Amino acid sequence: MRRWSRGNHQLKRLQKGSFSGSDSKENEEIPFYSVRTDLAIEANELLGENAHIRGIQMENDEEPQIHITRLEVKTLAAAKQIGKLQGKYVTLEVPDLRKKDPDLQDRVANRFAKELTAFINVPEQAVVLVIGLGNWNVTPDAIGPLVVEDLFVTRHLFSLMPEVIDEGFRSVCALAPGVLGITGIETSEIVQAIVDRLHPDLVIAIDALAARSLDRVNSTIQISDSGIQPGAGVGNRRRALNRETLGVDVIAIGVPTVVDAATIASDAMDLLLQTLENKVPGNGAGRIFGQFAPQEKRALIAEVLQPLGNNLMVTPKEIDEFVDDIAHVVAMGLNVALHPGMSMEDARELTH
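These lines cover the structure that appears in this document, whether it is placed above or below. (Residues numbered from 1 in each chain as written. Predicted model: local features only at pLDDT ≥ 70, side-chain atom pairs only at ≥ 80, totals over all residues. Heavy atoms only, no water.)

1. Remarks on the pattern of salt bridges
Under the defined criterion, the tally for this structure stands at 15 salt bridges. Between Asp61 and Arg111 there is a salt bridge, and its shortest N-O distance comes to 2.8 Å. Here Asp61, found in strand 1 (residues 56-63), pairs with Arg111, found in helix 5 (residues 102-117); they are 50 residues apart in sequence, far enough to count as distant. Asp61 sits in the partly exposed class, given a relative accessible area of 25%. Overall, the relative accessible area of 12% leaves Arg111 in the buried class. Through salt bridges with shared partners, one network takes in Glu59, Asp61, Glu63, Arg70, Arg107, Arg111 and Glu115. (Salt bridge = Lys/Arg side-chain N within 4 Å of Asp/Glu carboxyl O. Helix = DSSP H or I, 4+ residues; strand = E, 2+ residues; numbered from the N terminus. Buried < 20%, exposed > 50% of the residue type's maximum accessible area, 1.4 Å probe, protein only.)

Listed below in structure tokens is the structure:
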């Protein structure tokens, strides 16, 4: 009730004209609310369409039903500005991926494999460690473990049965280490121990992400060479997995499965206010809320949601089917990208 009353009090002051965006003392009463997104493309969009940031290079590519964005953060200043690490980010947006179209899934897996191959700068003799991050008991967070189940792992064959391995196949091993609440061990500690023991040439980490836009949930795949921070999407930051922490190159693959409730409510409020303005120009609600900056509106909404558990992470009701489908798509693409001698048809047969 205290937080709810506080929000009402702020609205009353605004109606009386006592609140001003230029009043720094009043502004301090509204906490800064950061929009949660793990997607570099969304972090860049949040700065506005007219924002031209030095040190960021972006290009777009299209094919039927698939939109590809390649974004590179080249400088530390640009990285700080958009809140993402320096590196390359490739985003595949496929709105129709939710429609369970097998032909489209095959095309997405094939394009994903091609984009991922450009990130894999290790020889065919290299050892690759794939880490499926996430909690297999929580559906929106189970993509990493599900992908690991579908991978074609070969490291044991190279050591025990080398005669059965043809050219064009790499030594691949994989693990889904679970989460801190299940194991009592930080994921980074488990991965570090395995890296120290196996000395892989490359680590690929797969995780579920948080998106800013509902349109990108369950329809997007992001690839980056900047590493990954487990739990960052839901505000539970753990030690990062990247070259600085592991001593080996790390490719991160992520699929957004959740969006926070404050973002949804804020978007709904903006849509409602716009509709009211179109139907009743100059209405009172528009005059009141129009004086709030976007961050201030989100902060008030987050305060209202605070008693429900410090905001909520929301996922679509079809998440069960989607997680299985997207894990299958990512696994097929990974198998093809990791093993140059494997065709997409082979990957389809090997992937459950």
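There is more to say after this.
2. Things to note about the side chain of Thr37
Among the secondary structure elements, Thr37 is positioned in the loop between helix 2 (24-27) and helix 3 (40-45). Relative accessible area serves as the criterion here: at 11%, Thr37 is assigned to the buried category. Within the structure, the side chain of Thr37 is placed 2.5 Å from the side chain of Glu42, a separation counted as a polar contact. Every residue in contact with Thr37, bar those within four places of it in the chain, is listed here: Glu42, Ala43, Leu46, Lys84, Ala210, Ala211 and Arg212. (Polar contact = N/O pair within 3.5 Å; in protein donor to acceptor, adjacent residues only side chain to side chain. Contact = heavy atoms within 4.5 Å.)

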